[in-house]
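Remarks on the overall topology
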Amino acid sequence: MTKLLRVARYEYLRFIKRKSLLLAILGVPLLLVLIVLVGVLIARGGEEPAVGYVDPSGLLGPTVAATIRDDAARATEFRSYASVEAGRAALRGGEIGSLFVVPADYPEDRSLRAFTAQGDLSTGARSAFAAFLEAGLAARYPPAVADRLMQAPDVTVRAADGSREIDAASAFLYFLVPFAAGILFTIAAVSSAGYLLQAVSDEKENRTVEILATSVSPFQLVAGKALGVIGIAATQLAVWGLGLVAAFAIGARYIETLARLPVPWSLLGVVLAFFVPAYLLLAAIMICLGAAFPEYRQSQQVVGLVNILFFVPLFFVMFIFSDPNGPLAVALTLFPTTSFLTVLLRWSATTVPVWQLALAWVLLAATGAAFVWAAPRIFRAGMLRYGQRLSLAAAWRTLRAGRRGPSA
Amino acid sequence: MTRLIAVFEFRSAVAKRSFWLVTILFPVLILALSLGTTLAGDMGAPSLEEALAPSGAPRGYVDEGGLIRELPPGVTADTLPSFATVGEAEAALGRGEVSGFYIIPADYVESGELTLVQGEFTPLSPDTGGPLMEYVVAYALTGDVATAAALVEPTPDVEVTALAGEGEPAGAAGDGAGSFQLVPFAVLFVLFFVITTSGGYLLQSVTREKENRTAEVLLVTVRPRQLMLGKVVGLGGVALVQIAVWVGGGLLVLSEVTGMVDLGELGVSGWLLFWLLAFLLLGYVAYGSILAALGTLVPSQREGGQFMFVVLLPLLVPLWFNYVLIDQSDGALALALSLFPLSAPVAMTTRLAAGDVPLWQPVVALAGLALTAYLFVLLGARVFSAGTLLSSESLSWQRLRSAVRTAVRTG
């Protein structure tokens, strides 16, 4: 046992001191924050140019613009023109960014015409003008009713059994937490498992493994390495987790919706329950690959494919959100390598049936256990093979022989 | 001699299985992804017209304040059944007669709050919102069909005309997010991947010879500069093959799917092709010479990886901000990215494909890139010397700095 721990400690310290790992641990969250910040700045910056309109229907009177409820639209300046010609001249002169022509019998006829100086109509101008029209329509009614008419209903979505309730407007935030957790955990798993592969093949490549084998059993060696790399993943996740908690704590002071977000305890439980076997599965696959290929470089090509197996649900995010109980979502939930990420993605989109959660976990745990069982045996068979790959047939023979009695 | 090396590099790269795997798998992957986004685009919230003809079990409502005296024309008790109490609605939900129901509280006009109870909880699904209830409530409050419909969808279709291209309408903009701009995205990804993969091959080919000590033998008969030039030219040919396969394959798929393809219709002009080739060529030379020099400095491929990431970072930035380049192609960020020489090969070409760019901008960007490429070739050629090729010292930032400094000084 002490030998196992010594191997683990060595591997942990060896990788944790690397600058590239430090960069990954600190860099990934920083990068995410940076991208979000720039995105926010871009979305905020860039004042919408004034919007011109020609309104023969008389709906958009001079007092209407002041009653608009939508913040972005209220900040926009609307200029009225008597004729299309006058509006076009203003557009050509750069006084306005776009010009809308409302039909004379609006709202019966809702086919609008619009002019731009060049290119397509900007979404900002279009939605601002839509809010303006709504305000014009609502202005004919008493103020209390008008207020209601201008704003879409605030819908709260509730599960029939009362187990879940979400404000549809802030559903985005509820979706963000599992989504971010899924991506961060998967990145942590994939990157640290890459280290495991390296840990296994390094010593094989430089022949140190021959010397190691005289004093450490293959099982101790491989388990120690795995333990060390698991420590790295844990460190990575702990740093990211603390960062996230801190970000939320700070953000909650300024953003009200964030403060109202309940702590997703049930989600945390599911994350842990699925992450542990999923990580073990990935780690065991990496050990098998590292042992089976004579060189790190060769195994890396296969690693790419293995990683994709774990990332596949991200390609189908849209399908999973729009049809969270469809056959594709269920299939991805049950397939061992994709279940962790899929369960997280579905978590925010629906209530995942308990039988699916249970079956998916059992399948994942069984697959993980099978690979964890196989990994030390494959490692033992492959660790002294130089220059030649461990063929599938040879690996299979080793596993069959191992079943009779593990000599590790 | 240079030609010999170029031919060898070209042949050995093209003969690799992994090259064809990447070349063929990449478009398939992109196609699958873009298919996903196109389908996702179709899955936006339904329009009022679609919401009036729901498929599957309808949703009901419980009107606690007696707000809805009459359903608007086109909405019947079959498509929107009413229940007197929440209990009744729950029973109907249990029997599967409705897929869910709205609860309209007595104080709706003041609060504006609705509750939607769903049998199958899918808050993120696009038709969870849906304009049907908004329409019914708006009709109840106004008593006028046209006003209610206009409140839900004030601008269902807008016919847009651009003054610049008067006479040819820029097309009708539906309520969707606008048409997906295929060409700029394709340009962005193809240029990015061609430059990075061929640059990667270059790095690989230099480090491989360094690692297995072939470089020592080679240097007996070839001068370092010839070696570098040969590699750059040979692998540049590989990049051209790759781009030919991707563009050819893309056009083939497009013509299979949409019938005959007219390049002009897609917004591809002769000038665009000229700019694409110019930026691709110079971008490849700039990045290729830096990566080849990097290859001589690192002792093994494994260590080259992390430095390569840093070198390629300027190309990655436009990829992150692709929506800025395409949607706000006149903005300050887009302009900065497309004029900065190291991000210009990807950023400027994307903007050119996305819309009109004043002529001086690509000219300035191209001149800047040409200058950078020239400097990088000089620098790369100096670093790419027998001394660095034969050393097996590990690469650190310090060493990188001193190598660049000596290279500059000897020039």
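Residues numbered from 1 in each chain as written. Chains lettered and ligands numbered in written order. Predicted model: local features only at pLDDT ≥ 70, side-chain atom pairs only at ≥ 80, totals over all residues.

1. Describing the overall build of chain A
How we decide: A run of H or I in DSSP counts as a helix once it spans at least four residues, and a run of E counts as a strand once it spans at least two, with each numbered from the N terminus. Put simply, a residue is buried when 20 or more other C-beta atoms lie within 10 Å of its own C-beta and exposed when 12 or fewer do; between those, it is partly exposed, and each C-beta is set from the backbone. Contact criterion: two residues are in contact if their C-beta atoms, reconstructed from the backbone, are within 7 Å.
In terms of regular secondary structure, chain A is built from 17 helices and 6 strands. Counting the 408 residues in chain A, one finds 37% classified as buried. Sequence-distant contacts, at least 24 apart, represent 77% of the contacts inside chain A between residues at least 6 apart.

2. Side note on the overall build of chain B
In terms of helices and strands, chain B carries 19 helices and 6 strands. By the burial criterion, 38% of the 411 residues in chain B qualify as buried. Across chain B, contacts joining residues at least 24 apart in sequence account for 72% of those joining residues at least 6 apart.

3. Focus on helix H5 (residues 123-138) of chain A
Condition: Here, expected helix span is obtained from the residue count minus one, scaled by 1.5 Å.
Over its 16 residues, H5(A) runs 22 Å from end to end, which matches the ideal 22 Å to within 8%, given 1.5 Å per residue. Of all 16 residues in H5(A), 13 are buried, a share of seventy percent or more.

4. Details of the pairing of strand S4 (residues 113-118) of chain B
For the record, the criterion: DSSP calls a pair of strands paired once it identifies at least 2 bridges connecting them.
Both strand S5 (residues 154-159) of chain A and S4(B) contribute to a ladder of 6 bridges, which runs parallel. Across the sheet, the residue bridging to Asp154(A) is Glu113(B), located in S4(B). Inspection of the sheet shows strand S3 (residues 100-104) of chain B paired to S4(B) by 4 bridges, in the antiparallel sense. Within S4(B), the position partnered with Tyr102(B) by the bridge is Leu116(B).

5. A few points about the interface of chain B and chain A
Note the cut-off: Asp, Glu, Lys and Arg are counted as charged, while Ala, Val, Leu, Ile, Met, Phe, Trp, Tyr, Cys and Pro are counted as nonpolar; the rest, among them Gly, fall into the polar class.
Contact residues are listed per partner, giving 58 residues for chain B and 61 residues for chain A. Of all the secondary structure elements, the ones that give two or more residues to the side of chain B that touches chain A are helix H2 (17-42), S4, helix H6 (126-129), helix H7 (132-142), helix H8 (145-152), strand S5 (157-162) and helix H13 (301-320) of chain B. For the side of chain B that touches chain A, the per-class residue count stands at 31 nonpolar, 20 polar and 7 charged.

6. Notes on the sheet that holds S4(B)
Judged by pairing direction, the sheet is mixed, and its 6 strands sit side by side in the order S6(A)-S5(A)-S4(B)-S3(B)-S1(B)-S2(B) without closing on themselves. The open sheet has two edge strands with one neighbour each: strand S6 (165-167) of chain A together with strand S2 (82-83) of chain B. Relative to S2(B), strand S1 (residues 59-63) of chain B is paired through 2 bridges, and the arrangement is parallel. Bridging across to S2(B), Val62(B) finds its partner in Phe83(B).

7. Some words on the confidence of the model for chain B
Residue and element names in this part refer to chain B. Cut-off, in case you're wondering: Residue-level confidence of the predictor is summarised by pLDDT, bounded by 0 at the bottom and 100 at the top.
Counting all residues, the mean pLDDT for chain B is 78, and 80% of those residues have values of 70 or more. No element of chain B has a lower mean pLDDT than strand S6 (residues 171-173), which averages 40, and none a higher one than S3, which averages 91. A low-confidence stretch, residues 167-180 (pLDDT under 50), is modelled with 28 contacts involving residues beyond four sequence positions or located in other chains.

8. Looking at the environment of Val239(A)
All names here are of chain A. Positionally, Val239 belongs in helix H9 (residues 218-254). Accessibility expressed as a C-beta count within 10 Å gives 15 for Val239, which makes it partly exposed. Taking C-alpha positions, Val239 is 9.5 Å from Pro29, a pair spaced 210 residues apart along the chain.

9. Looking at helix H15 (residues 336-349) of chain A
We count it as follows: For a residue, the bend is simply the angle between two axes, fitted respectively to the seven-residue segment ending there and the seven-residue segment starting there.
Taking 1.5 Å as the rise per residue, H15(A) with 14 residues should run 20 Å; its terminal C-alpha atoms sit 20 Å apart, in good agreement. The principal kink in H15(A), of about 30°, is found at Thr342(A).

10. A short note on the pairing of strand S1 (residues 51-54) of chain A
All names here are of chain A. Neither face of S1 is left uncovered, since the one carrying Val51 and Tyr53 and the one carrying Gly52 and Val54 both have all their residues buried. Alignment of S1 against strand S2 (residues 78-80), held across 3 bridges, turns out to be parallel. By the bridge assignment for S2, Gly52 is matched with Arg79. Sheet topology note: the S1/strand S3 (residues 98-101) ladder contains 4 bridges and is parallel.

11. Considerations on the environment of Ser122(A)
All names here are of chain A. For Ser122, the position within the fold is in the loop between strand S4 (111-116) and H5. Judged by the 19 C-beta atoms lying within 10 Å of it, Ser122 is partly exposed. In the structure, Ser122 is positioned 25 residues away from Gly97 in sequence and 9.2 Å away in space, judged by C-alpha atoms.

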